[in-house]
Amino acid sequence: MNETVQNRAAKIGWDNVASQLSGAGYALTGPLLTPSECAALTKLFSVEDSFRSHVVMERYRFGKGDYKYFSYPLPEVVGELRTATYPHLAKIANRWLSELGSTEEPFPLDHREFLDRCHRSGQKQPTPLVLHYEAGGYNCLHQDLYGEVAFPLQLVVMLGQQGRDWEGGEFVLVENVPRAQSRAEVITTDQGHGIIFTTRYRPVRGTKGNYRVSLRHGVSRVRRGTRYTLGVIYHDAK
């Protein structure tokens, strides 16, 4: 019998994740979804009733490809993944608030409570999504912000295998350091594995204390094949 998503999430080395996020703005999770779960989510992309919105990137100059936001209720495996990983990330997010001396309200450790905060701000639309690229597709650098309430970390899970299902299409993270040139990371991982990364900014220690470093993410050009990924964003949208 397959492990539950909750058990897989519990096995992640969260202290190591926290260290990687603080040092580089991203961390690799190891396996989160099984091949059959990945295949089921990929197949679901063609079922329009599962989604609230379909965005064709070329129309908005976001890139080349398309993505679809799920409707509530989310597919079970997506909801479980969002709920199971959130408390661990909320602890990291609260540590970052403290390091930056922020006066923002701490993030609750229960995801339902955090969604209630989103909903009180008028952000009631679900944000988990499936992204799809064919050969030549790419995603321009951006940040996923959908309202005043924003969680500082998010997750992407590979639904296929790079090198088998597609070539190219690497995950790209660019860090904009104040008064310095930008730094890029090009990241790959296996099918069913996740990349946790910074939504907006992370704290970096300087000579005069901690300061904010802004990050944006995107996808390099797919050279061959078809690339599907699951995006898990923890705040809801207006």
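For the structure itself, look to the data block above.
Residues numbered from 1 in each chain as written. Predicted model: local features only at pLDDT ≥ 70, side-chain atom pairs only at ≥ 80, totals over all residues. Heavy atoms only, no water.

### Digging into the side chain of Asp-236
Inspection of the secondary structure assignment puts Asp-236 in the segment after β15 (227-233). Assessed through its relative accessible area of 0%, Asp-236 is described here as buried. A distance of 3.0 Å separates the side chain of Asp-236 from the side chain of His-119, its partner in a polar contact. Ignoring any residue separated from it by four or fewer positions in sequence, one finds Asp-236 in contact with Tyr-72, Arg-82, Leu-115, Cys-118, His-119, Gln-123, Lys-124, Gln-125, Pro-126, Thr-127 and Tyr-146. (Helix = DSSP H or I, 4+ residues; strand = E, 2+ residues; numbered from the N terminus. Buried < 20%, exposed > 50% of the residue type's maximum accessible area, 1.4 Å probe, protein only. Polar contact = N/O pair within 3.5 Å; in protein donor to acceptor, adjacent residues only side chain to side chain. Contact = heavy atoms within 4.5 Å.)

### Quick word on the sheet that holds strand β5 (residues 129-133)
Reading across from one edge, β1-β11-β7-β15-β5-β4-β2 is the order of the 7 strands in this open sheet, with antiparallel pairing throughout. Of all the strands in the sheet, just β1 (26-31) and β2 (51-56) have a single pairing partner and so form its edges. Within this sheet the neighbouring strands show an average axis-to-axis angle of 20°, counted without direction. Bridge count for strand β7 (residues 153-158) against β15 is 5 bridges, and the pairing is antiparallel. Opposite Val-156, over in β15, you have Gly-231 as the bridge partner. Across the sheet, helix α2 (residues 14-24) is in contact with β1, β7 and β11 (193-198); its angle to β1 comes to roughly 150°. (Pairing = 2+ DSSP bridges. Axes fitted to C-alpha atoms, helices over the stretch in contact; angles between N-to-C directions.)

### Remarks on the pattern of salt bridges
Within the structure shown, the criterion is met by 11 salt bridges. The partner of Glu-48 in a salt bridge is Lys-68, and the shortest N-O contact between them spans 2.7 Å. Residue Glu-48 is located in the loop between α3 (35-44) and β2, and its partner Lys-68 is located in strand β4 (residues 66-70); the two are separated by 20 residues in the primary sequence. Residue classification places Lys-68 among the buried positions, given a relative accessible area of 3%. We note a salt bridge from Asp-236 to Arg-82, for which the minimum N-O separation is 2.9 Å. Within this pair, whereas Asp-236 is found in the segment after β15, its partner Arg-82 is found in helix α5 (residues 76-99), the two being separated by 154 residues in sequence. (Salt bridge = Lys/Arg side-chain N within 4 Å of Asp/Glu carboxyl O.)

### With respect to α5
Compared with an ideal rise of 1.5 Å per residue, which puts 24 residues at 34 Å, α5 spans 35 Å between its outermost C-alpha atoms and is within 8% of the ideal. At Tyr-86, α5 shows its strongest bend, of approximately 40°, with the proline Pro-87 following within four residues. Of the residues trailing α5, Gly-101 is marked for its positive phi of about 65°. (Expected span 1.5 Å × (residues − 1). Bend = angle between axes of the 7 residues up to and from the residue.)

### So, the environment of Tyr-133
As for its position among the elements, Tyr-133 is in strand β5. By relative accessible area, which is 1% here, Tyr-133 ends up buried. When neighbours within four sequence positions are excluded, Tyr-133 is seen to be in contact with Met-57, Lys-64, Gly-65, Tyr-138, Asn-139, Val-219, Val-222, Gly-225, Thr-226 and Arg-227. One polar contact links Tyr-133 to Asn-139, side chain to side chain, over a distance of 3.1 Å.

### Re the packing of α2 against α5
It is the contact of α2 with α5, at a shortest axis distance of 11 Å, that shows an interaxial angle of 45°. As far as their axial angle goes, α5 and α2 are oblique. In terms of crossing hand, the pair formed by α2 and α5 is right-handed. Seen from α2, the contacting residues are Trp-14, Val-17, Ala-18, Leu-21 and Ser-22; seen from α5, they are Thr-85, His-88, Leu-89, Ile-92, Arg-95 and Trp-96. (Parallel < 35°, antiparallel > 145°, perpendicular 65-115°, else oblique. Left-handed = near helix turned anticlockwise from the far one by under 90°.)

### Comments concerning the side chain of Arg-8
Structurally, the position occupied by Arg-8 is in helix α1 (residues 5-10). Within polar-contact distance, the side chain of Arg-8 engages the backbone oxygen of Glu-3 at 2.6 Å.

### Overview of helix α6 (residues 111-120)
Turning to α6, its buried residues are His-111, Phe-114, Leu-115, Arg-117 and Cys-118. What you see down the axis of α6 is that its buried residues fit within an arc of 150°, all on one side. If you follow the buried residues of α6, they end up packed against α5. The N-cap residue of α6 is Asp-110: its side-chain oxygen and the backbone nitrogen of Arg-112 are 3.0 Å apart. One or two residues past the end of α6 sits Gly-122, with phi positive at roughly 85°. (Arc of directions from axis to C-beta.)

### Considerations on the environment of Pro-203
Inspection of the secondary structure assignment puts Pro-203 in strand β12 (residues 201-206). Not counting the four nearest positions on each side in its chain, Pro-203 is found in contact with Ser-22, Trp-96, Glu-99, Leu-100 and Tyr-211.

### Some details on the environment of Phe-62
In this structure, Phe-62 sits in the loop between α4 (57-60) and β3 (63-64). Between the C-alpha atom of Phe-62 and that of Tyr-211, which follows or precedes it by 149 residues, the distance is 29 Å. Contact partners of Phe-62, with chain neighbours within four places excluded, come to Val-55, Met-57, Tyr-67, Asn-139 and Cys-140.

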